[in-house]
Amino acid sequence: MEATGTDEVEKIKSKFMSAWHNMKYSWVLKTKTYFSRNSPVFLLGKCYHFKTEGKYRALHSLQSFSRKAGINNYQIQNISGNVEEFRKDFISRIWLTYREEFPQIKGSALTTDCGWGCTLRTGQMLLAQGLMLHFLGRAWVWPEALDMDSCDSESWTSSTVRKLTASFEASLTAERDPKVLARPPARRDWDVTERRNELYHRKIISWFGDSPLAAFGLHQLIEYGKKSGKMAGDWYGPAVVAHILRKAVEEARDPELQGVTVYVAQDCTVYSSDVIDRQCSFVDSGKAGTKAVIILVPVRLGGERTNTDYLEFVKGILSLEYCVGIIGGRPKQSYYFAGFQDDSLIYMDPHYCQSFVDVSIKDFPLESFHCPSPKKMSFKKMDPSCTIGFYCRTVQDFEKASEEITKMLKSSSKEKYPLFTFVKGHSRDYDFASSPLHEENDLFSEDEKKRLKRFSTEEFVLL
């Protein structure tokens, strides 16, 4: 009888915590975001201008920016149209946020990541963008993106209030309403290509589901994090998350994922031969081929505060189509940076608590995985600790990207040394321990464990 009473107390406590999380984290979309019509807007390599008669002005601004950032002129031709096109592109990115009431995390009593999982979520968003480039291409947009609620924050605020009220009332009555997410609108007739793309769209999202079996879900990432001393409920820095993502991709067993690998730079250095070795490893037993690679570079953009001298470099990076974003944020809050306008960064915020969605069911609702409203933040407020990501489909793509980024690093660096470097050869050629591509008995080599421990204890400002 006593145990039953304790269980009831825990259930009531859980309900109140659930309502509190909704109240605390459901206001992320409240503030309106304003964009200038006189300046180009970049989103993961695409440039948008917000008034038709301003195309010449946007092109002129872009040419001026490209000279400062040291990027090639081909980028300035990648100018796209209007507000609706930008909205459609932004909404099509995969948005991964705090969730609650998902299956219990192994070794803990946690069924939510509210308050501690934001950097894991931003890491998931970066990896998701890399997989979207791999399977769908940068030109893909979700056909139903503009069917989402208006990006006008007032509509989302009123919707949030209704959800919060219903959630709190349900918590008090121990009746959680599972139907807070709208069902998808009636599907129009799609052609073969659209159906194929929609299958991959759903598959990519399912890999990030909040269940123990999802390849890149929170449960799996936490298991890999344990190897570096991290536990569920701990803070995770962007460098540690980069290594966790690499291990998650290495250990993924879905045949679709065998053509992708992840490389993490060592001490701000990308060793070209190590990257190419990963790309040229066997895709399947008995079948050779090249893999696409997602390159993750943990960096620091200053001391206690971000050095504004790095602004042009960050803008240059986000102007590249093969950039998959930046895991960053402000102190103690991680954001996924995907673009910029002028000196403000455009980001997606994971600090929005949503209900668990079972991605294993057919036609699971997609709306909660797409953000209707972009956010902006001054570059000056950015925490200096971050991880930059790139996607290269082939070895030739990697070689071209390394040349282009190296030029950008040299032109944007006012210091004696660039933010990070590409060097020829293997890491072992420079007396660094080279971790094997596949380790049978342990997920992390001893060298990696030491590096991750250092990242954990000296992780700049934790996000």
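Residues numbered from 1 in each chain as written. Predicted model: local features only at pLDDT ≥ 70, side-chain atom pairs only at ≥ 80, totals over all residues. Heavy atoms only, no water.

If you trace the backbone, Arg-37 turns up in the loop between α1 (2-25) and β1 (41-43). Residues Arg-37 and His-49, spaced 12 residues apart in sequence, show a C-alpha to C-alpha distance of 6.9 Å. With residues up to four places along the chain from it excluded, the contact list for Arg-37 reads Phe-50, Lys-51 and Val-83. Only 2.5 Å separates the side chain of Arg-37 from the backbone oxygen of Phe-50, close enough to count as a polar contact. (Helix = DSSP H or I, 4+ residues; strand = E, 2+ residues; numbered from the N terminus. Contact = heavy atoms within 4.5 Å. Polar contact = N/O pair within 3.5 Å; in protein donor to acceptor, adjacent residues only side chain to side chain.)

Phi is positive for Leu-44, close to 45°, though the residue is something other than glycine. The phi angle at Asp-267 is positive, at roughly 50°, despite the residue not being glycine. Tracing the backbone shows Asp-267 in the loop between β5 (260-264) and β6 (269-271).

Counting buried residues along β5, 5 of its 5 residues qualify, which places the element largely inside the surrounding structure. Across the two faces of β5 the burial is the same, with Val-260, Val-262 and Val-264 and Thr-261 and Tyr-263 all buried. The sheet contact formed by β5 and strand β7 (residues 292-300) spans 5 bridges and is parallel. Pairing of Thr-261 across the sheet is with Val-293, part of β7. (Buried < 20%, exposed > 50% of the residue type's maximum accessible area, 1.4 Å probe, protein only. Pairing = 2+ DSSP bridges.)

Along the chain, the position of Asn-82 falls in the loop between β3 (79-80) and α3 (83-92). Owing to a relative accessible area of 35%, Asn-82 belongs among the partly exposed residues under this scheme. Along the sequence, Asn-82 and Arg-37 sit 45 residues apart, while their C-alpha atoms lie 9.9 Å from each other. If we skip the residues at most four places from it in the chain, Asn-82 touches Tyr-48, His-49 and Phe-50.

The geometry of a pair of packed helices is captured by two quantities: the angle between their axes and the separation between those axes. Orientation of helix α4 (residues 118-135) relative to helix α6 (residues 192-207), taken along the N-to-C sense of each, is 155°, at an axis distance of 10 Å. For the element pair α4 / α6, the angle class is roughly antiparallel. Regarding α4 and α6, the two cross each other, and that crossing is right-handed. Counted together, Ala-128, Leu-131, Met-132 and Phe-135 of α4 and Arg-196, Tyr-200, Ile-204 and Trp-207 of α6 form the full contact between these two elements. Across the contact of α4 with α6, the residue classes break down as 7 nonpolar, no polar and 1 charged. (Axes fitted to C-alpha atoms, helices over the stretch in contact; angles between N-to-C directions. Parallel < 35°, antiparallel > 145°, perpendicular 65-115°, else oblique. Left-handed = near helix turned anticlockwise from the far one by under 90°. Nonpolar A, V, L, I, M, F, W, Y, C, P; charged D, E, K, R; others polar.)

Looking now at α6. Taking 1.5 Å per residue as the helical rise, α6 with its 16 residues ought to reach 22 Å, and the 23 Å between its terminal C-alpha atoms agrees with that figure. Burial in α6 covers these residues: Asn-197, Glu-198, Tyr-200, His-201, Arg-202, Ile-204, Ile-205 and Trp-207. Buried residues along α6 sit against α4. Looking at where α6 begins, the residue whose side-chain oxygen comes 3.1 Å from the main-chain nitrogen of Thr-193 is Asp-191. (Expected span 1.5 Å × (residues − 1).)

Inspection of the entire model under this criterion finds 20 aromatic pairs. Summarising the aromatic geometry, the rings of Tyr-271 and Tyr-430 are spaced 5.5 Å apart at their centres and angled 45° between planes, so their arrangement reads as tilted. Highlighted residues: Tyr-271 in strand β6 and Tyr-430 in the loop between β14 (421-423) and α12 (446-457), separated in sequence by 159 residues. Put simply, the rings of Phe-313, Tyr-322, Phe-390, Phe-398, Phe-420 and Phe-422 pair up and form one aromatic cluster. Just above the ring of Phe-369 sits the side chain of Arg-99; from NZ or CZ to the centre is 4.6 Å. Looking at Arg-202, its charged tip hangs above the ring of Phe-364, at a distance of 4.9 Å from the centre. (Phe/Tyr/Trp six-rings, centres within 6.5 Å; stacked < 30°, edge-to-face > 60°. Lys NZ or Arg CZ within 6 Å of the ring centre and 35° of its normal.)

Let us now look at the environment of Glu-84. Inspection of the secondary structure puts Glu-84 in helix α3. Judged by relative accessible area, Glu-84 falls into the partly exposed class, the value being 39%. Distance in space between the C-alpha atoms of Glu-84 and Phe-50 is 9.1 Å, their sequence separation being 34 residues.

The next subject is the nonpolar core. If you look at the biggest cluster of nonpolar residues, it comprises 70 residues, and the most contacted ones within it are Leu-131, Ile-204, Trp-207, Phe-208 and Phe-216. Looking at which element gives the most residues to this core, the answer is α4, with 9 residues. Once residues within four sequence positions are removed from consideration, Ile-204 is found in contact with Ile-94, Ala-128, Leu-131, Met-132, Phe-135 and Leu-136. Listed in part, the 42 residues of the second largest apolar core include Val-270, Val-314, Phe-379 and Ile-388. (Core = buried A, V, L, I, M, F, W, Y, C linked by side-chain atoms within 4.5 Å.)

This part takes up the side chain of Gln-129. Mapped onto the fold, Gln-129 is located in helix α4. If near-sequence neighbours (up to four positions away) are discounted, Gln-129 is found in contact with Leu-44, Arg-93, Arg-138, Val-324 and Tyr-336.

So, about the packing of α4 against helix α8 (residues 238-251). Packing of α4 against α8 brings their axes to within 10 Å, and their N-to-C directions diverge by 50°. By the criterion of interaxial angle, the relationship of α4 to α8 is oblique. Seen from above, α4 lies across α8 with right-handed handedness. Here α4 contributes Thr-119, Leu-120, Gly-123 and Leu-127 to the contact with α8, which in turn contributes Pro-238, Val-241, Leu-245 and Val-249. A per-class count over the contact of α4 with α8 returns 6 nonpolar, 2 polar and no charged.

A few words on the pairing of strand β10 (residues 344-348). In terms of burial, β10 is a largely internal element, 4 of the 5 residues being buried. Examined bridge by bridge, strand β9 (residues 333-341) and β10 share 5 bridges and lie antiparallel to one another. Its bridge partner lying in β10, Phe-337 is registered against Tyr-347. Hairpin remark: β9 followed by β10, antiparallel, with 2 residues in the connecting loop; positive phi at Asp-342, about 55°. Where β10 meets strand β12 (residues 375-378), 4 bridges bridge the pair, whose relative direction is antiparallel. Pairing of Tyr-347 across the sheet is with Lys-375, part of β12.

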